[in-house]
Amino acid sequence: MSPVIRPRRLRQTPAIRRLVAEHRLHARDLILPLFVREGLDEPVALSLMPGVLQHTLDSLVDAAEHAVEAGVGGLMLFGVPERRDATGSAADDPEGILNVAIGRLRAALGDSTVIMADLCLDEFTDHGHCGVIGAHGRVDNDATLERYGQMALAQASAGAQFVGLSGMMDGQVGHVRATLDSAGFTDTGVLAYSAKYASAFYGPFREAVDSQLQGDRRSYQQDPANGREGLRETLLDIEEGADVVMVKPGLPYLDVLARVSDSVSVPVWAYQVSGEYAMIEAAAAAGAIDRKPAIMESLLAFKRAGAQAILTYWAAEIAAELS
Ligand code: PBG
């Protein structure tokens, strides 16, 4: 029997494979998350994420400039404050580490890249939750919205071009959009971490931001059992005015990513989180997988599932190779 249809014809040489490839990675598809820590004299290497640092303000600017030269599409900034309290007051303090760092990056880089900041209280609260705790002992949704609004104003004033809402409070996109607009920040974009799951894959991030969290985030982040709900959350965020939506984590939620990207007309991004990074690095260090092809395959999977851009801790390294 000789088959008439031979899909292998299109796989014969690298040149043919390149020509028929459905998806390609570009440096500009990659967004680099960066950590800046208050009160550091020297950058600190993270033990759980080899190659990732907590930066000083100076080393942050160097790393950002290097990443932009490498061709990344944008930067996502996280701040680690020295002092924390119940309401996360350092989060909207113009002298708070995250806001100062946004200002430093914007001054150094202008519009040559896209500067985004994580908008969430967990790095700033002494209890490590993403919002303020109400009288009932749980995260108080609407009181938290007020704090997010104040944080958005501080980040926009400091020069953030997008605020990255990652707290999973109901109504957060609408509230932040209205707060920004009424203060005249109509051009500041809202990136909504729309379908964000309560995930074990955030493990190494806890070290990166020195998290104080006891317990878990299951009363606000989504249940990994729910796929349709990821679409519901995303559609709500778009109705409330999200400019870009995101699915997070990445590889374990490619089904959600594909469903979202088939259903919406705003840009859809994915976040390849700390645990995904740590997992591939550890497997590669153990000799179980070939590091670079595994990274490339994981990034391409996001594109195939419908992501236009990917937040990944490998952004600078891989962008340099692609551009
Ligand atoms: C919230 C936030 C988290 C991450 C990004 N933004 C932690 C969480 O929700 O528990 C995780 C990112 C990662 O694991 O790489 N500020």
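Residues numbered from 1 in each chain as written. Predicted model: local features only at pLDDT ≥ 70, side-chain atom pairs only at ≥ 80, totals over all residues. Heavy atoms only, no water.

J.: Is there a simple way to explain the UniProt feature "binding site: 5-aminolevulinate 2" (unreviewed entry) in the protein chain in this structure?
T.: Mapped onto this numbering, the UniProt entry annotates "binding site: 5-aminolevulinate 2" (unreviewed entry) at Ser274 and Tyr313. Spatial clustering of the annotated residues is evident: they stretch over 40 residues in sequence, but the largest pairwise C-alpha distance comes to 7.6 Å. Looking at where Ser274 falls in the secondary structure, it is placed in helix 9 (residues 274–285). Judged by its relative accessible area of 1%, Ser274 is buried. Ignoring sequence-local partners within four residues, the contact set of Ser274 consists of Met49, Phe201, Tyr202, Gly203, Pro204, Phe205 and Tyr313. Checked against the element boundaries, Tyr313 lands in the loop between strand 10 (309–311) and helix 11 (315–322). Here Tyr313 is in contact with Leu32, Pro33, Phe35, Met49, Val52, Phe205, Tyr271, Gln272, Val273, Ser274 and Tyr277, once residues within four sequence places are set aside. (UniProt positions renumbered as here; feature names shortened; annotations may be inferred. Helix = DSSP H or I, 4+ residues; strand = E, 2+ residues; numbered from the N terminus. Buried < 20%, exposed > 50% of the residue type's maximum accessible area, 1.4 Å probe, protein only. Contact = heavy atoms within 4.5 Å.)

J.: What should I look at first to understand the pattern of salt bridges in this one?
T.: A side chain with one charge can pair with a side chain of the opposite charge if their charged atoms come near. If you walk through the whole model with that rule in mind, you get 13 salt bridges. Put simply, Asp210 and Arg84 hold a salt bridge, and the shortest N to O gap is 3.4 Å. Highlighted residues: Asp210 in the loop between helix 6 (203–208) and helix 7 (228–239) and Arg84 in the loop between strand 4 (74–80) and helix 3 (97–109), separated in sequence by 126 residues. Put simply, Arg291 and Glu281 hold a salt bridge, and the shortest N to O gap is 2.9 Å. With a gap of ten residues between them, Arg291 in helix 10 (residues 291–305) and Glu281 in helix 9 connect regions that are remote in the sequence. A network of salt bridges, in which partner residues are shared, links Glu281, Arg291, Lys292, Glu317 and Glu321. (Salt bridge = Lys/Arg side-chain N within 4 Å of Asp/Glu carboxyl O.)

J.: Sorry if this is basic, but what is going on with the site of the ligand here?
T.: If you check the shell around the ligand, you find 17 residues, and the closest are Asp122, Lys196, Lys248, Ser274 and Tyr313. Measuring from a nitrogen atom of the ligand, one finds a side-chain N or O atom of Asp122 at 2.6 Å. In the model, an oxygen atom of the ligand is placed 2.7 Å from a nitrogen or oxygen of the Ser274 side chain. Notes on the ligand: free accessible area 410 Å², of which the protein chains cover 100%. Per-class residue counts for the shell around the ligand are seven nonpolar, three polar and seven charged. (Near = heavy atom within 4 Å. Polar contact = N/O pair within 3.5 Å; in protein donor to acceptor, adjacent residues only side chain to side chain. Areas by Shrake-Rupley, 256 points an atom, 1.4 Å probe, with all protein chains shown as cover. Nonpolar A, V, L, I, M, F, W, Y, C, P; charged D, E, K, R; others polar.)

J.: What's the story with the nonpolar core in this structure? I'm lost.
T.: In globular proteins that are soluble, nonpolar side chains generally tend to be buried together. Counting residues in each nonpolar core, the largest one holds 99 residues, and the members touching the most others are Phe35, Leu75, Leu77, Leu105, Tyr148 and Trp269. Examining the composition of this core, we find that seven residues originate from one element, helix 2 (residues 57–70), more than from any other. (Core = buried A, V, L, I, M, F, W, Y, C linked by side-chain atoms within 4.5 Å.)

J.: Could you clarify how one ought to interpret the UniProt feature "binding site: Mg(2+)" (unreviewed entry) in the protein chain in this entry?
T.: Under the UniProt annotation, the feature "binding site: Mg(2+)" (unreviewed entry) is placed at Glu233. If we ignore the near neighbours within four places in the chain, the residues touching Glu233 are Met168, Ser194 and Gln222.

J.: In this structure, what is going on with the pairing of strand 9 (residues 268–271)? I would like to understand it.
T.: It is a general feature of regular strands that their side chains alternate between the two faces of the sheet. Every second residue of strand 9 is oriented toward a common face, with Val268 and Ala270 on one face and Trp269 and Tyr271 on the other, all of them buried. By the bridge criterion, three bridges tie strand 8 (residues 244–248) to strand 9 in an arrangement that is parallel. Bridge assignment links Val245 to a residue of strand 9, and that residue is Val268. Following the backbone out of strand 8, through helix 8 (residues 254–263) and into the adjacent parallel strand 9, one traces a crossover that is right-handed. Relative to strand 10, strand 9 is paired through three bridges, and the arrangement is parallel. Directly across from Trp269, in strand 10, lies its bridge partner Ala309. (Pairing = 2+ DSSP bridges. Right-handed = clockwise from strand over helix to strand, strands pointing away.)

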